[in-house]
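Chain residues, written in single-letter form:
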Amino acid sequence: MHKPTTVDSRENHRGRVILATTVTLRAANGRLFDHDLVRHPGAAAVVPVDAAGRVCLVRQYRLGVEDFLWEIPAGKLDAGEAPAACAVRELREETGVTAGTWSDLGRYFPAPAIFTEVIHLFLARDLEIGPPAPDADEELELRWLALDEAIDLVLRGEISDGKTALGLVRARHRLGL
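Since the model is a prediction, treat every value here as computed from it, not as a measurement.

### A look at the side chain of Glu93
Right, on to step 1. Looking at the element boundaries, Glu93 is found in helix H1 (residues 83–95).
Right, on to step 2. Leaving out residues up to four positions away in the same chain, Glu93 has contacts with Pro132, Ala133, Pro134 and Asp135.

Below is the structure:
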């Protein structure tokens, strides 16, 4: 198989976070086709696990599903920001937690057919808890629960956020639980 080549790219919408484009591609067989693509700067997400094996989740409103979701702490990369620095910043802002030990849990592609977004997953250990300082547009509820209990909520469909599900499973695997 061969990757298609880009023939043209047209900007359709530039928002606060995303850029929507239509890309014309040429397949290996010469056929041209258009594909809509949403460009996103990427994000970092953190599975903070304390000494008791508990994970901190945040609950917040998500317009895309018009409901509140339980998620691992996460946020968008600022321009030029390294994913690990974003992870440290978001964990502290959303939960007030700082970590002494960090592990890379790999990447997650939320919707690779239409989004360029890459979410970098991290495990945070050796935690210290302080006061959260969420962004002005964030209203968050925090909940600490056993890592296995959080994964059970994923398996029962009570946590449906993809980055959270994958982050929790990868964290449990990394911890050898």
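Read on for the rest.
### Some words on the packing of aromatic side chains
Right, on to step 1. One pass over the structure, following the stated rule, counts 2 aromatic pairs.
Right, on to step 2. Aromatic pair Trp102 and Phe122: ring centres 6.4 Å apart, planes at 80°, arrangement edge-to-face. Note that Trp102 is positioned in strand E8 (residues 97–108) and Phe122 in strand E9 (residues 119–129), a separation of 20 residues in sequence.
Right, on to step 3. The class of Trp102 is partly exposed, set by a relative accessible area of 29%.
Right, on to step 4. Arg143 extends its terminal NZ or CZ atom over the ring of Trp70, reaching a point 5.6 Å from the ring centre.

### As for the pattern of salt bridges
Right, on to step 1. This model, assessed by the stated rule, comprises 16 salt bridges.
Right, on to step 2. A salt bridge links Arg10 to Asp34; the shortest N-O distance between them is 3.6 Å. Of the two residues, Arg10 sits in strand E1 (residues 5–14) while Asp34 sits in strand E3 (residues 32–39), which places them 24 residues apart along the sequence.
Right, on to step 3. Taking relative accessible area as the criterion, Arg10 reaches 31% and is therefore assigned partly exposed.
Right, on to step 4. Between Glu158 and Arg156 there is a salt bridge whose closest N-O contact spans 2.9 Å.

What counts, and where the lines are drawn
Residues numbered from 1 in each chain as written. Predicted model: local features only at pLDDT ≥ 70, side-chain atom pairs only at ≥ 80, totals over all residues. Heavy atoms only, no water. Helix = DSSP H or I, 4+ residues; strand = E, 2+ residues; numbered from the N terminus. Contact = heavy atoms within 4.5 Å. Phe/Tyr/Trp six-rings, centres within 6.5 Å; stacked < 30°, edge-to-face > 60°. Buried < 20%, exposed > 50% of the residue type's maximum accessible area, 1.4 Å probe, protein only. Lys NZ or Arg CZ within 6 Å of the ring centre and 35° of its normal. Salt bridge = Lys/Arg side-chain N within 4 Å of Asp/Glu carboxyl O.

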